[in-house]
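Structural overview
Chain residues, written in single-letter form:
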Amino acid sequence: MSIYRDDEGRWHGYVSMGLKPGGRRNRRHVTGKTRADVTGKVRAMERRRDEGVAAASGRGPTLSEWLEHWLEQIAARRVRPRTLESYRATVRLHIVPSIGAQRLAKLQPEQVEAMYGQMLASGLSASSVLRTHRILSRALKVAMQRGKITRNVCTLVDPPTPKRSESSPLTVDEARRVLHAAQNVRNPARWTVALALGLRQSEALGLKWSDVELDRGTLSIRRGLHRVSGQGLVLEEPKSARSRRTLALPAQLVEGLRLQREAQDREREIAGTEWQGEDFVFAQANGRPLDRRSDWEHWRALLTSAGVRQVRLHDGRHTAATLLLTAGVHPRVVMELLGHSQMRTTTDVYSHVMPALAREAADQMGTALWGPDRN
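Described below are features of the structure shown in this document. Remember, predicted model here, so these are calculated numbers, not experimental data.

A short note on the overall build of the protein chain
On a plain count of helices and strands, the protein chain comes out with 14 helices and eight strands. Within the span of the protein chain, comprising 375 residues, buried residues form 40% of the whole. A fraction of 59% describes how many contacts in the protein chain between residues 6 or more apart in sequence connect residues 24 or more apart. Only carbon and sulfur atoms are counted for the fraction: they give 49% of the accessible area of the protein chain, which is about 21,500 Å².

As structure tokens, this is what we get:
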């Protein structure tokens with residue numbers, strides 16, 4: 001540290017910050033009207049240096065430059081390809097056009113808030129804004145850990161709270177009509193699996209015959225099938241340990257899967273050398289895996305042929321859970337069957353079922369303590 005006054009009476013201070021990447025000495029300069037003013041600035045800079053949070057020398061990178069580095073050199077090694085693809089899209093479409101030109105070290109919470117406001121005003125959902133907030137916050141957290149910024153401004157901004165989308169499970173009658181109509185389409189067991197086991201779409205499409213033990217009546221979830229830009233359809237292991245699970249099959253579904261395998265064997269014979277199978281339980285007529293979009297279109301067509309209202313494919317999963325809960329299956333068991341990582345996820349998503357379960361529990365308690373109602 002050095003402090004001096006120039007010929008015009010203005011005070012200057014210099015602080016050694018170490019070495020620059022090229023090996024040159026890195027010194028910072030501050031000025032002030034009095035020695036006390038400069039001394040205070042110098043001491044503050046020394047504290048920041050010693051705490052390891054001093055900003056990089058020079059003007060520093062823009063937010064766009066840092067995000068590009070974070071995506072390609074840091075996030076690319078930590079997240080799945082599909083997740084990285086979504087990160088890139090969010091950065092490209094929302095963050096860079098709005099605040100990407102801002103210097104990383106000078107980014108202000110008000111600028112982030114303004115970006116969120118613009119996104120909402122353009123018609124984007126609160127969920128999209130929250131996803132953008134989380135991605136930006138992760139990138140800034142790493143920048144702060146590396147001393148490129150002194151704070152993560154995302155911690156000073158409250159993102160909007162998304163409204164939970166209402167589930168629309170099928171009724172028992174509707175589910176039965178769907179299963180009846182499915183007997184007239186290819187891969188009928190695809191929809192039995194959806195409604196009886198509540199598999200996620202990616203889990204059902206990634207299911208292989210090696211995962212199915214028909215003699216034991218079990219089915220194991222070991223992977224999901226996803227489409228990734230530039231890579232096509234790829235298989236990924238589940239994110240959480242709870243998503244890897246083995247399920248007991250209803251006897252009717254075991255029989256349905258036996259028929260599914262027999263039908264697929266016939267298709268293999270017809271395809272001959274054109275067969276490109278990879279052991280998928282639900283596949284195209286040539287054995288290739290099903291794409292999620294065509295799978296979704298088949299679901300819509302099935303609902304139409306069954307004379308049932310149009311609901312999301314994911315509502316087939318909600319249907320399975322709702323039927324189990326209303327049948328008296330404990331929420332903890334439903335949680336395990338669905339592969340939820342936390343009980344709260346199960347109870348929050350299916351809160352519409354809980355009042356009826358609470359009423360039933362109260363009635364059972366009344367019977368246990370006071371005996372059956374004799375009226």
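Additional details are given in the paragraphs that follow.
Quick word on the environment of Leu225
Tracing the sequence through the fold places Leu225 in strand β6 (residues 224–228). Residues Leu225 and Leu290 lie 65 residues apart in sequence; the distance between their C-alpha atoms is 9.0 Å.

Describing empty space enclosed by the protein
Across all of its chains, the model carries one cavity of 30 Å³ or more by this definition. In this structure, the largest cavity encloses a volume near 30 Å³. What lines the largest cavity is Leu205, Leu225, His226, Arg227, Leu233, Leu290, Asp291 and Arg292. Top element by residues in the lining of the largest cavity is β6. It accounts for three residues. Partitioned by chemical class, the residues of the lining of the largest cavity number four nonpolar, one polar and three charged.

A closer look at the pattern of salt bridges
A full pass over the atoms with the stated rule returns 19 salt bridges. In this structure, Arg242 engages Glu336 in a salt bridge whose closest nitrogen and oxygen atoms are separated by 2.7 Å. Residue Arg242 is located in the loop between β7 (232–236) and β8 (245–248), and its partner Glu336 is located in helix α12 (residues 331–338); the two are separated by 94 residues in the primary sequence. Judged by its relative accessible area of 30%, Arg242 falls in the partly exposed class. On the basis of relative accessibility, which here comes to 34%, the residue Glu336 falls in the partly exposed class. Beyond isolated ion pairs, a larger network of salt bridges with shared partners links Arg80, Arg82 and Glu236.

A few points about the sheet that holds strand β4 (residues 212–213)
Judged by pairing direction, the sheet is antiparallel, and its three strands sit side by side in the order β4-β5-β8 without closing on themselves. In this open sheet, the two edge strands, each paired with only one partner strand, are β4 and β8.

What to know about the packing of helix α2 (residues 63–78) against helix α5 (residues 126–145)
The geometry of α2 relative to α5 is characterised by a closest axis approach of 10 Å and an angle of 90° between their N-to-C directions. By the criterion of interaxial angle, the relationship of α2 to α5 is roughly perpendicular. For the pair α2 and α5, the contacting residues are Leu63, Trp66, Leu67, Trp70, Ile74 and Arg78 in the first and Ile135, Leu136, Arg138, Ala139, Leu140, Val142 and Ala143 in the second. A class-by-class count of the residues in the contact of α2 with α5 yields 11 nonpolar, no polar and two charged.

Description of the side chain of Thr90
The topology assignment puts Thr90 in helix α3 (residues 81–99). Setting aside residues no more than four positions away along its own chain, Thr90 makes contact with Ile95, Arg131, Thr132 and Ile135.

A closer look at α5
The end-to-end C-alpha separation of α5 is 28 Å, in line with the 28 Å expected for 20 residues at 1.5 Å each. Backbone geometry just after α5 places Gly147 at a positive phi near 75°.

Some details on the packing of aromatic side chains
Under the definition given, this model contains three aromatic pairs. Between Tyr4 and Tyr14, the ring centres sit 6.4 Å apart and the planes meet at 5°, which makes this aromatic pair stacked. With a gap of 10 residues between them, Tyr4 in strand β1 (residues 2–5) and Tyr14 in strand β2 (residues 11–19) connect regions that are remote in the sequence. Classification of Tyr14 by relative accessible area gives partly exposed; the value is 23%. Both rings, one in Trp70 and one in Tyr87, keep their centres 5.6 Å apart while their planes meet at 15°; by these two values the pair is stacked. Remark: Tyr87 occurs in helix α3 and Trp70 occurs in helix α2; sequence separation between them is 17 residues. Accessibility classification places Trp70 together with Tyr87 in one group, the buried group.

Details of unusual backbone geometry
Unusually for a residue other than glycine, Asn187 sits at a positive phi of about 50°. Its location among the elements puts Asn187 in the loop between α6 (172–182) and α7 (189–197). Within the chain, Asp279 stands out as a residue other than glycine whose phi angle is a positive 75°. Inspection of the secondary structure puts Asp279 in the loop between α9 (251–271) and α10 (292–306).

Observations regarding the packing of α6 against α10
Axis angle and axis distance: for two packed helices, these are the angle between their axes and the distance between the axes, and together they describe the pair. Here α6 crosses α10 at 105°, and the two axes come no closer than 9 Å. On the basis of their axis angle, the class for α6 and α10 is roughly perpendicular. Here Arg177, Val178, Ala181 and Ala182 of α6 come into contact with α10, specifically with Trp299, Leu302, Leu303, Ser305 and Ala306. Partitioning the contact of α6 with α10 into residue classes produces seven nonpolar, one polar and one charged.

What counts as what
Residues numbered from 1 in each chain as written. Predicted model: local features only at pLDDT ≥ 70, side-chain atom pairs only at ≥ 80, totals over all residues. Heavy atoms only, no water. Helix = DSSP H or I, 4+ residues; strand = E, 2+ residues; numbered from the N terminus. Buried < 20%, exposed > 50% of the residue type's maximum accessible area, 1.4 Å probe, protein only. Contact = heavy atoms within 4.5 Å. Areas by Shrake-Rupley, 256 points an atom, 1.4 Å probe, with all protein chains shown as cover. 1 Å grid on protein atoms, 1.4 Å probe; cavity = no way out; pocket = protein on both sides within 12 Å on 5 of 7 lines; lining within 4 Å. Points joined across faces, edges and corners; volume = space filled by probe spheres on them. Nonpolar A, V, L, I, M, F, W, Y, C, P; charged D, E, K, R; others polar. Salt bridge = Lys/Arg side-chain N within 4 Å of Asp/Glu carboxyl O. Pairing = 2+ DSSP bridges. Axes fitted to C-alpha atoms, helices over the stretch in contact; angles between N-to-C directions. Parallel < 35°, antiparallel > 145°, perpendicular 65-115°, else oblique. Expected span 1.5 Å × (residues − 1). Phe/Tyr/Trp six-rings, centres within 6.5 Å; stacked < 30°, edge-to-face > 60°.

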